[in-house]
Amino acid sequence: MTTTTAAGAALRTLTVLAAVLLAATVSTPSARARPEPKAPDGFVALRSVDPTIVEEIRYATPHTFMGVPVDGYREPVCLVTRPAAEALHRAQTTLRRAGYSLKVYDCYRPQRAVDHFVRWAKDLDDQTMKTEFYPRVDKTRLFEDGYIAEKSGHSRGSTVDLTLVRLPAAPTRAYRPGEPLAPCYGPRDARFPDNSVDMGTGYDCFDTLAHTDDPRIQGAQRANRQLLKGTLTGLGFVNLAEEWWHYTFTPELFPDTYFDFPVDGRSVRGR
């Protein structure tokens, strides 16, 4: 066999092998796009149960303690277990008679979002939003002080972050990335504007003033926190003492499962 013939045969053999490998790769399930996981039965979009509850899903926006939208938040929609949604509807019915509405900041949170928090917390150089969200906390202490953890009850689907809004609800302007920041615990007029009642701090404020029953919070601010707490605890919700906005409906429908389907209306379509 001549050199030219041998080279041609080798080239044909390599071409055939490449074609076989390509076909095998395309046909293997691991190479095909994997469908996103869906929410199990038991999850709903809150608006399908009560469309009057105000939704301002912060983690779908750049107005977060990281300064960017959070992984897994495809749409600004509140997904939650149906028992929790129905309890929120009952709370809303009571509050609307008194001239208030609930407003949710966060509901179900996928594990990939929690993983995003953890990666950010380990990046000590990224302190873009420190002035607003954790001005008095050293970022090296976020895990130790309990502000960031590798698991969140939100991922089980029955925990919500929420506040109260006086009716009629005025709109809240969008955060503009790069705009000047102000501490989340400052006077109401100095903090980032929010259409909620004054709770003494902004949402997601990494500060002890955000503890629900902190004795330094008095007057109307304390009364607002107690109105929210009294309404929700009477309907089966349990407050996290370190965060005035954090409530879990009990008994939880999925007490031991941390889900990772995206925050997207398609995750619960048809329910």
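Points about the state of the cysteines
Disulfide: a covalent bond formed between the sulfur atoms of two cysteine residues.
Link 1 in the chain: In the structure shown here, the tally under the stated rule is 2 disulfides.
Link 2 in the chain: With a sulfur-sulfur separation of 2.0 Å, Cys78 is cross-linked through a disulfide to Cys107. One quick way to see it: the torsion about the S-S bond of Cys78 and Cys107 is about -105 degrees, and its sign makes the bridge left-handed. With Cys78 in the loop between strand S2 (54-55) and strand S3 (79-81) and Cys107 in the loop between strand S4 (100-106) and helix H4 (111-122), this residue pair connects regions lying 29 residues apart in the sequence.
Link 3 in the chain: With relative accessibility at 1%, the residue Cys107 sits in the buried group.
Link 4 in the chain: Disulfide pairing places Cys184 opposite Cys205 at an S-S distance of 2.0 Å. One quick way to see it: the torsion about the S-S bond of Cys184 and Cys205 is about 65 degrees, and its sign makes the bridge right-handed. In this pair, Cys184 sits in the loop between strand S5 (159-166) and helix H6 (219-233) while Cys205 sits in the loop between S5 and H6, placing the two residues 21 residues apart along the sequence. We note that Cys184, like Cys205, is buried.
Link 5 in the chain: Disulfide partners in the chain, listed by the sequence order of the bonded cysteines, are 1-2, 3-4.

Observations concerning the side chain of Thr212
Link 1 in the chain: By the secondary structure assignment, Thr212 is in the loop between S5 and H6.
Link 2 in the chain: Here the side chain of Thr212 touches Asn239 through a polar contact of 2.7 Å, side chain to side chain.
Link 3 in the chain: In this view, Thr212 contacts Arg225, Gln226, Lys229, Asn239, Leu240, Ala241, Glu243 and Trp244; residues no more than four positions away in its chain are not counted.

Here's the deal with the packing of aromatic side chains
Link 1 in the chain: Across all of its chains, the model carries 22 aromatic pairs by this definition.
Link 2 in the chain: Aromatic pair Phe43 and Tyr108: ring centres 5.6 Å apart, planes at 80 degrees, arrangement edge-to-face. In this pair, Phe43 is assigned in strand S1 (residues 43-45) and Tyr108 in the loop between S4 and H4, connecting sequence segments 65 residues apart. Both residues of the pair, Phe43 and Tyr108, belong to the buried class.
Link 3 in the chain: Taken together, a centroid distance of 5.1 Å and an interplanar angle of 85 degrees make the contact between Phe254 and Phe259 edge-to-face.
Link 4 in the chain: A relative accessible area of 17% means that Phe254 is categorised as buried.
Link 5 in the chain: In textbook terms, an aromatic cluster arises when at least three aromatic residues are bridged by ring pairs, as seen for Tyr59, Phe65, Tyr73, Tyr105, Phe117, Trp120, Tyr134, Tyr147, Tyr203, Phe206, Trp244 and Trp245.
Link 6 in the chain: When the ring centre of Trp120 is taken as origin, the NZ or CZ atom of Lys139, which lies over that ring, is 3.9 Å away.

Rules used throughout
Residues numbered from 1 in each chain as written. Predicted model: local features only at pLDDT ≥ 70, side-chain atom pairs only at ≥ 80, totals over all residues. Heavy atoms only, no water. Disulfide = S-S within 2.5 Å. Helix = DSSP H or I, 4+ residues; strand = E, 2+ residues; numbered from the N terminus. Buried < 20%, exposed > 50% of the residue type's maximum accessible area, 1.4 Å probe, protein only. Polar contact = N/O pair within 3.5 Å; in protein donor to acceptor, adjacent residues only side chain to side chain. Contact = heavy atoms within 4.5 Å. Phe/Tyr/Trp six-rings, centres within 6.5 Å; stacked < 30°, edge-to-face > 60°. Lys NZ or Arg CZ within 6 Å of the ring centre and 35° of its normal.

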